[in-house]
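Here are the chains, one letter per residue:
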Amino acid sequence: VQLQASGGGLVQAGGSLRVSCAGSGRTFSTYNIGWFRQAPGKEREFVAAISWSGGITYYGDSVKGRFTISRDNAKNTVYLQMNSLKPEDTGVYYCAATRQGATTPNYDYWGQGTQVTVSS
């Protein structure tokens, strides 16, 4: 499966942004999808994940209550709605796919990333 993240941009603190992960192929709906982010000089961080059916979601502690992950398998797309953004949410956001559990650290396929910048 090939993934392409999009929708990043520059937003002020407290604002909202939605990033999307578009997948190719008929098997997209069989993959659990995760969002990760990486800020300059920092390790990659788990943000959120969603099961293949969309019925189970997971969130990193730093985004709980502010971010919402969802998917539309008919459109081969996973969304990450980000509200109440903070400067520390700044980073490159990557989506990834796995057939292991959604909380696995071993995602098999990665998109190219989209930059999110939150100004204070």
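Preceding this paragraph is the structure being described.
Definitions and limits used
- Residues numbered from 1 in each chain as written.
- Predicted model: local features only at pLDDT ≥ 70, side-chain atom pairs only at ≥ 80, totals over all residues.
- Heavy atoms only, no water.
- Pairing = 2+ DSSP bridges.
- Helix = DSSP H or I, 4+ residues; strand = E, 2+ residues; numbered from the N terminus.
- Axes fitted to C-alpha atoms, helices over the stretch in contact; angles between N-to-C directions.
- Salt bridge = Lys/Arg side-chain N within 4 Å of Asp/Glu carboxyl O.
- Buried < 20%, exposed > 50% of the residue type's maximum accessible area, 1.4 Å probe, protein only.
- Phe/Tyr/Trp six-rings, centres within 6.5 Å; stacked < 30°, edge-to-face > 60°.

Trainee: Requested: an account of the sheet that holds strand S7 (residues 67-72), with residues and values cited.
Mentor: Here four strands make up an open sheet; going across it, the order is S1-S3-S8-S7 and the pairing antiparallel. The sheet terminates laterally at strand S1 (3-6) and S7, the two strands that pair on one side only. In this sheet, adjacent strand axes meet at a mean angle of 15° when their direction is disregarded. As judged from the six bridges shared by strand S3 (residues 17-23) and strand S8 (residues 77-82), these two strands associate in the antiparallel manner.

Trainee: Got a sec to walk through the pattern of salt bridges? Specific residues and values, please.
Mentor: Scanning the model with the defined rule gives four salt bridges in all. Of the charged contacts in the structure, one is a salt bridge between Glu45 and Arg37, with a shortest N-O distance of 2.8 Å. Given the relative accessible area of 29%, Glu45 is considered partly exposed. Of the charged contacts in the structure, one is a salt bridge between Arg66 and Asp89, with a shortest N-O distance of 2.8 Å. Linking Arg66 in the loop between strand S6 (57-59) and S7 with Asp89 in the loop between S8 and strand S9 (91-98), this pair joins segments that are 23 residues apart in sequence. The burial state of Arg66 is the same as that of Asp89; both residues are buried. Bridged by salt links that share partners, the residues Arg37, Glu45, Arg66 and Asp89 form one connected network.

Trainee: Residue-level account of the packing of aromatic side chains, with values.
Mentor: Enumeration according to the criterion identifies five aromatic pairs in this entry. When the centroid spacing of 5.1 Å and the interplanar angle of 80° are considered together, the rings of Phe36 and Tyr107 count as edge-to-face. Placement of the pair is Phe36 in strand S4 (residues 32-38) and Tyr107 in the loop between S9 and strand S10 (109-110), with a sequence separation of 71 residues. Residue classification places Phe36 among the buried positions, given a relative accessible area of 8%. Judged by its relative accessible area of 7%, Tyr107 is buried. One aromatic cluster in this structure is built from Phe36, Phe46, Tyr107 and Trp110.

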